Amino acid sequence: MAEPLVLTGDAGAVRTLSLHRPAALNSFTTAMHAELMAALERAANDTAVRCVVLTGAGRAFCAGQDLADPAVAPDTTPGAAPKDLGEVIATWYAPLVARIRTMPVPVVAAVNGVAAGAGANLALCCDLVVAGRSASFIQAFTKIGLVPDTGGTWLLPRLVGPARALGLALLGDKLPAEEAARIGLIWECVDDAALAETAAALASRLAAMPTQALVATRAAMAAAQGMTIEEALANEARIQRELGRAHDYREGVEAFRAKRAPVFKDR
Ligand code: T3D
């Protein structure tokens, strides 16, 4: 039987998904895309899962698109039609980002090594990004004549501002994890040996929190980027109205007043 291209592991309410093509630095083939989407779908539909951790097997997080994949590698036969990369993006990368950004639970990226091209933006589209000190982020796209995809054009300026975003995207330089944390591209950089433990602790903490509020916070923050403050205020009121009817709000307030730890259940 073929080796799985995405490994799945559960610890309590935390599901860890590990990209698993270590010999090719976990770069994406269509088969790995399909397995990752299926794994995310299963996590989304499993009410026992309250947080997902995304990481890579071996020394890399993900080197982006597998450039040897016949689906994208240019055909050098004279007169051969160019590959439709737009189709690849529309079929695989765009739905992947949309799936992660609409997961009913928070998603933590544990970046264990190099994250290049689509691999970098896959990490950055997660809710919290923790990286090991030896990890790095590379907007590798212009080096092969492409623009940042997998949400890069949207994510980068929002995370680090337009000047740094454009510099990272134009030059495609390797950004070490420590510098990525310093400029606010990611949440935290930790020693390599502490990465798995740090990501697990963060994920367990998120898993114990009111999931609907976390997911609504992600959506509201993203939506507010394209709103006036009046629109954002109206959106906040709409969301608070909904959350205020949920079990977890009652539980949070009751627990606060009773000076006990809350037990959140909604998902
Ligand atoms: O094309 C479309 O469909 C549009 C979508 C695009 C999305 C994208 O992601 S575009 C960007 C694609 N990714 C890249 O351009 C990154 C290419 N890789 C690298 O620049 C370097 O490998 C790294 C900086 C990531 C790591 O460098 P290093 O020195 O640590 O490792 P290495 O020796 O270059 O790579 C190790 C092996 O992984 C090597 O295989 P080998 O020689 O041991 O058999 C290398 O070929 C393989 N590998 C690394 N990245 C890819 C890859 N194989 C296929 N595709 C890759 N992207």
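What counts, and where the lines are drawn
- Residues numbered from 1 in each chain as written.
- Predicted model: local features only at pLDDT ≥ 70, side-chain atom pairs only at ≥ 80, totals over all residues.
- Heavy atoms only, no water.
- Near = heavy atom within 4 Å.
- Polar contact = N/O pair within 3.5 Å; in protein donor to acceptor, adjacent residues only side chain to side chain.
- Areas by Shrake-Rupley, 256 points an atom, 1.4 Å probe, with all protein chains shown as cover.
- Helix = DSSP H or I, 4+ residues; strand = E, 2+ residues; numbered from the N terminus.
- Nonpolar A, V, L, I, M, F, W, Y, C, P; charged D, E, K, R; others polar.
- Buried < 20%, exposed > 50% of the residue type's maximum accessible area, 1.4 Å probe, protein only.
- Contact = heavy atoms within 4.5 Å.
- Phe/Tyr/Trp six-rings, centres within 6.5 Å; stacked < 30°, edge-to-face > 60°.
- Domains from an automatic or database assignment.
- Buried area = accessible area lost by both parts, 1.4 Å probe.
- Salt bridge = Lys/Arg side-chain N within 4 Å of Asp/Glu carboxyl O.
- 1 Å grid on protein atoms, 1.4 Å probe; cavity = no way out; pocket = protein on both sides within 12 Å on 5 of 7 lines; lining within 4 Å.
- Points joined across faces, edges and corners; volume = space filled by probe spheres on them.
- Pairing = 2+ DSSP bridges.

Novice: For the site of the ligand, give the residues involved together with the corresponding values.
Specialist: Around the ligand, the surrounding shell holds 23 residues, and the nearest of these are R59, Q65, L67, V72 and A118. Here R59 contributes a side-chain N or O atom positioned 2.9 Å from an oxygen atom of the ligand. Within the backbone of A118, a nitrogen or oxygen atom sits 2.8 Å from an oxygen atom of the ligand. Taking 1,000 Å² as the accessible area of the ligand by itself, protein coverage stands at 63%. Counting only elements with at least two residues in the shell around the ligand, the list comes to helix 2 (85-101) and strand 6 (114-116). In terms of residues, the shell around the ligand owes the most to one element, helix 2, which gives three residues. Along the lines of polarity and charge, the residues of the shell around the ligand split into 16 nonpolar, four polar and three charged.

Novice: Could you give an account of the side chain of R15, naming the residues involved and the relevant values?
Specialist: Note on placement: R15 falls in strand 2 (residues 14-19). Take R15: its relative accessible area is 9%, and that puts it in the buried class. A polar contact is formed between the side chain of R15 and the side chain of D46, at a distance of 3.1 Å. Sequence-distant contacts of R15, defined by excluding residues within four places in its chain, comprise T8, G9, D10, R42, A43, D46, V49, C51, V52 and V53.

Novice: If you had to explain the packing of aromatic side chains to someone new, which residues and values would you point to?
Specialist: By convention here, two paired aromatic rings are described through the distance between centres and the angle between planes. Enumeration over the complete set of coordinates arrives at one aromatic pair. Ring geometry for F28 against Y93: centres 5.7 Å apart, planes inclined by 80°, an arrangement best described as edge-to-face. Here F28, found in the loop between strand 2 and helix 1 (30-45), pairs with Y93, found in helix 2; they are 65 residues apart in sequence, far enough to count as distant. Here F28 and Y93 have matching classes, each one buried.

Novice: I'd like a rundown of the domain arrangement of the protein chain, residues and numbers included.
Specialist: Domain annotation for the protein chain reports domain 1 (6-207) and domain 2 (211-258). With centres defined by C-alpha atoms, the gap from domain 1 to domain 2 works out at 27 Å. Between domain 1 and domain 2, a total of about 750 Å² is buried, with carbon and sulfur atoms accounting for 50% of that surface. Looking only at domain 1, the three residues that lose the most surface to domain 2 are R50, R101 and R158, adding up to 42% of its buried area. Taken together, the connections running from domain 1 to domain 2 amount to one salt bridge. In this structure, R218 and D127 form a salt bridge, with 2.8 Å as the shortest nitrogen-oxygen distance. Along the contact surface separating domain 1 from domain 2 lie five residue pairs in polar contact (both at pLDDT 80 or more). Those elements that place two or more of their residues in the side of domain 1 that touches domain 2 are helix 2 and helix 4 (152-160).

Novice: Could you give an account of empty space enclosed by the protein, with specific residues and numbers?
Specialist: Summed over the entire model, instances satisfying the criterion amount to one cavity of 30 Å³ or more. Within this model, the largest cavity holds a volume of roughly 40 Å³. Grouping the amino acids of the lining of the largest cavity by side-chain chemistry returns six nonpolar, one polar and one charged.

Novice: So what about the layout of surface pockets? Which residues, and what values?
Specialist: Estimated volume of the largest pocket: approximately 820 Å³. Lining the largest pocket are 26 residues, with C126, D127, L128, R218 and M221 positioned closest to its centre. For the lining of the largest pocket, the secondary structure elements donating two or more residues are strand 7 (128-132), helix 4, helix 7 (195-207) and helix 8 (211-224). When the residues that make up the lining of the largest pocket are grouped by side-chain class, the tally is 18 nonpolar, three polar and five charged.

Novice: Mind laying out the pairing of strand 1 (residues 6-11), listing which residues take part and the relevant values?
Specialist: Here strand 1 runs beside strand 2; their pairing, made up of six bridges, is antiparallel. When the bridges of strand 2 are listed, G9 appears paired with T16. Between strand 1 and strand 2, which follow one another and run antiparallel, lie two residues, and G12 among them has a positive phi close to 60°.

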